Amino acid sequence: MAKDEVKTDKKPEKKKKASRFHPIKYIREVIAELKKVTWPTRQELVSHTGAVFAFVIGMAIIIGLLDFVFQQGMILIASIGGA
């Protein structure tokens, strides 16, 4: 036996057949998965939506402030070099 050869007891893997797309089967599977979903209550939905809005508004304020600071820094740099 050569150095590179390794003895294994594994059987060669079978190639899976390429499955065809079946729209009706797909729709049935989607419906089955949707039945497994735990839907939030109205109170949870309102609470989570409020949290998302608060986060987005907070991030917009932070990004706006950073934009303003960087803009003022660029104006300062431009005024030093171009005066």
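Structure report, in brief.

Basis of the calculations
- Each chain has its residues counted from 1, running along the sequence as written.
- Per-residue local features are limited, in this predicted model, to residues with pLDDT of at least 70; the limit for side-chain atom pairs, both in listing and counting, is 80 or more; totals at the level of whole chains, interfaces and linings are taken over all residues.
- Note: side-chain values were computed over all heavy atoms of the structure, leaving out hydrogens and water.
- Stacked, edge-to-face and tilted labels apply to pairs of Phe, Tyr and Trp rings (six-membered ring for Trp) whose centres lie within 6.5 Å, assigned for plane angles under 30 degrees, over 60, and everything in between, in that order.
- Working definition: with a 1.4 Å probe on protein chains only, accessible area under 20% of the residue-type maximum means buried, over 50% means exposed, and in between means partly exposed.
- Here, a salt bridge means any Lys or Arg side-chain nitrogen found within 4 Å of an Asp or Glu carboxyl oxygen.
- Where helices and strands are cited, they refer to DSSP runs of H or I of at least four residues and of E of at least two residues respectively, numbered from the N terminus.
- Nonpolar side chains (Val, Leu, Ile, Met, Phe, Trp, Tyr) are joined into patches within 5 Å and like charges within 9 Å, using only residues with over 30% relative accessible area and no salt bridge.
- What sets the accessible areas is the Shrake-Rupley method with a 1.4 Å probe; for residues, cover comes only from the shown protein chains.

## Let's talk about the packing of aromatic side chains
Working definition: an aromatic ring pair is given by the centre-to-centre distance plus the angle between the planes.
Then step 1. This model, assessed by the stated rule, comprises one aromatic pair.
Then step 2. Plain terms: the ring middles of Phe21 and Tyr26 are 5.8 Å apart, the flat faces sit at 50° to each other, and that makes the pair tilted.
Then step 3. By relative accessible area, Tyr26 is classed as partly exposed at 47%.

## A short note on the pattern of salt bridges
Then step 1. What the rule picks out here adds up to one salt bridge.
Then step 2. For Glu33, the salt bridge goes to Lys36, with nearest N and O atoms at 3.3 Å. Here the residue Glu33 and the residue Lys36 both occupy positions in helix H1 (residues 23-36), the gap between them amounting to three residues, near one helical turn.
Then step 3. Of the residues examined, Glu33 reaches a relative accessible area of 47% and is grouped as partly exposed.
Then step 4. The exposure class assigned to Lys36 is exposed, which follows from its relative accessible area of 60%.

## Overview of a nonpolar patch on the surface
Then step 1. A contiguous nonpolar surface patch, about 1000 Å² in accessible area, is contributed by Val52, Phe55, Val56, Met59, Ile62, Ile63, Leu66, Phe68, Val69 and Phe70.
Then step 2. Locating Val69 in the fold gives a position in helix H2 (residues 42-82).
Then step 3. Its relative accessible area of 51% is what places Val69 among the exposed residues.

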